[in-house]
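Residue-level structure breakdown
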Amino acid sequence: MSEIKKTKLLVLGSGPAGYTAAIYAARAGLKPIVVQGIQPGGQLTTTTDVENYPGFRDVIQGPWLMEEMKAQAEHVGTETIWDHITEVDLSKRPFRLTGDSGTTYETETLVIATGAQAKWLNLPSEEHAKGRGASACATCDGFFYRGKKVAVIGGGNTAVEEALYLTNHSDDVTLIHRRDELRAEKILQDRLFANPKIKVLWDHAVDEFVLGGQPEALVGLNVRNVKTGEVSRVECEGAFVAIGHAPATELFKGQLAIDKDGYLEVEPGTPRTSIPGVFACGDVMDKHYRQAVTAAGTGCMAALDAERYLAELEFAEKETVAAE
Ligand code: FAD
Ligand code: NAP
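As the structure is a prediction and not an experimental result, all values here were calculated from the model.

**Here we look at the overall build of the chain**
Helix and strand content of the chain: seven helices and 19 strands. Here the C-alpha coordinates of the chain stretch approximately 80 × 40 × 40 Å along the principal axes. When burial is assessed residue by residue, the chain has 49% of its 324 residues classed as buried. Considering only contacts within the chain whose residues lie at least 6 apart along the sequence, 58% involve residues at least 24 apart. For the chain, the exposed area adds up to about 16500 Å²; of that, 51% sits on carbon and sulfur atoms. Each charge class in the chain was averaged separately, 33 positive and 46 negative side chains, and the resulting centres sit 2 Å apart.

Here it is in structure tokens:
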């Protein structure tokens, strides 16, 4: 028989945003449930060294950090459940969510922390190059390529920002774009073209990530001029794919406001979505920063707002009873 689990606050997602929301909610006595999804611990479990999460002088490992967040959340009273939500009904309270396991979850408030995934070029050689020079996050990994040649693939705001950021570490940055004009905002383009450390390779597509040496590491990219078909090599030790992100918002289409890029819309400066009692935090609502610490920060905001929302509900219900 399928089970029904009831809670005051359900957190959907177990990345830094989800676990931080759970820690705050649990400490407020809300006994939250975290539904972990198919990637328990979120994106940081796919990386190794993390050097920019505050509080650690020495380099820490992404999977370890997420184990610690989970342990902290459980220690203060969170129930974590390994399930993947496939259906959501936000039309009335309590909100209802259905998991792969067959369990139905009924919750007074919902914190959505389902994250986003970087888009990749989907080349077989790219898969092999991940962790050996191919990255989708310059802020996270740029530091590891200081003094080395690097390349960025893409022509939007993210690609241009990543190229500019990388000049903090490298004097030789090549931006590879498949067309002859950028999609990025003019102001970013101006900064890019004015930076002597960056050159742009127009009309080129990446065909292959080339690895060499022992242990194997990226030595370059085989690229093709999409107009002439001519093939050449861009030498680089780091290649940053910046062709967009896909936020995990499929479940909420038609129920919550979603922007043109697929991110959950929130009231500016808050985690409040278009439905009272439903809050969003982390990469699923943030297309600009996409960092563990910002995800954790907005997770905290979501839990604090959910707690206030529940307190207001409780107060309103008492007032109604008193008036009857
Ligand atoms: P995520 O970490 O993406 O977690 C999303 C969660 O939602 C997952 O647990 C998933 O299982 C769950 N979920 C999704 N859909 C469902 C569903 N239907 N049902 C149930 N659960 C669901 N940031 C840094 O600050 N420093 C770094 O060094 C750094 N390195 C990175 C390296 C790599 C390779 C990558 C990919 C990212 C890196 N980042 C880094 C970025 C950082 O990981 C993200 O900004 C952060 O993880 C976002 O947290 P989040 O909680 O919003 O979502
Ligand atoms: P984006 O605007 O969708 O740009 C993606 C870029 O990657 C495009 O130039 C696209 O080329 C290229 N691309 C896509 N698929 C490709 C493929 N398979 N091979 C090669 N190139 C490919 O994505 P984004 O830059 O991540 O930005 C997403 C949203 O966030 C945008 O709305 C952006 O404005 C916003 N954002 C804003 C800021 C800011 O305001 N500072 C910063 C970051 C992001 P084409 O141009 O040919 O399509």
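Structure's up, so let's keep going.
**Structural notes on the site of ligand 1**
Inspection of the region around ligand 1 gives 32 residues, with Gln36, Gln39, Gln43, Asn52 and Ala292 positioned closest. At 2.9 Å from an oxygen atom of ligand 1 is found a side-chain nitrogen or oxygen belonging to Ser14. Here an oxygen atom of ligand 1 sits 2.9 Å away from a polar atom, N or O, in the main chain of Ala17. Protein coverage of the free-state accessible area of ligand 1, which is 1000 Å², stands at 92%. Sorting the residues of the shell around ligand 1 by element identifies helix 1 (16–27) and helix 7 (292–323) as the ones contributing at least two each. Of the residues assigned to the shell around ligand 1, the class counts are 14 nonpolar, 16 polar and two charged.

**Some remarks on the site of ligand 2**
With respect to spatial proximity, 18 residues lie near ligand 2, and among them Thr158, Glu161, Arg179, Arg183 and Asp261 are the closest. Glu161 is positioned with one of its side-chain polar atoms (N or O) 2.6 Å from a nitrogen atom of ligand 2. In the model, an oxygen atom of ligand 2 is placed 2.7 Å from a nitrogen or oxygen of the Asp261 side chain. Here ligand 2 loses 76% of its free accessible area of 910 Å² to cover by the protein chains.

Procedures and definitions
Residues numbered from 1 in each chain as written. Chains lettered and ligands numbered in written order. Predicted model: local features only at pLDDT ≥ 70, side-chain atom pairs only at ≥ 80, totals over all residues. Heavy atoms only, no water. Helix = DSSP H or I, 4+ residues; strand = E, 2+ residues; numbered from the N terminus. Buried < 20%, exposed > 50% of the residue type's maximum accessible area, 1.4 Å probe, protein only. Contact = heavy atoms within 4.5 Å. Areas by Shrake-Rupley, 256 points an atom, 1.4 Å probe, with all protein chains shown as cover. Lys, Arg positive; Asp, Glu negative; His and termini not counted. Charge placed at Lys NZ, Arg CZ, Asp CG, Glu CD. Near = heavy atom within 4 Å. Polar contact = N/O pair within 3.5 Å; in protein donor to acceptor, adjacent residues only side chain to side chain. Nonpolar A, V, L, I, M, F, W, Y, C, P; charged D, E, K, R; others polar.

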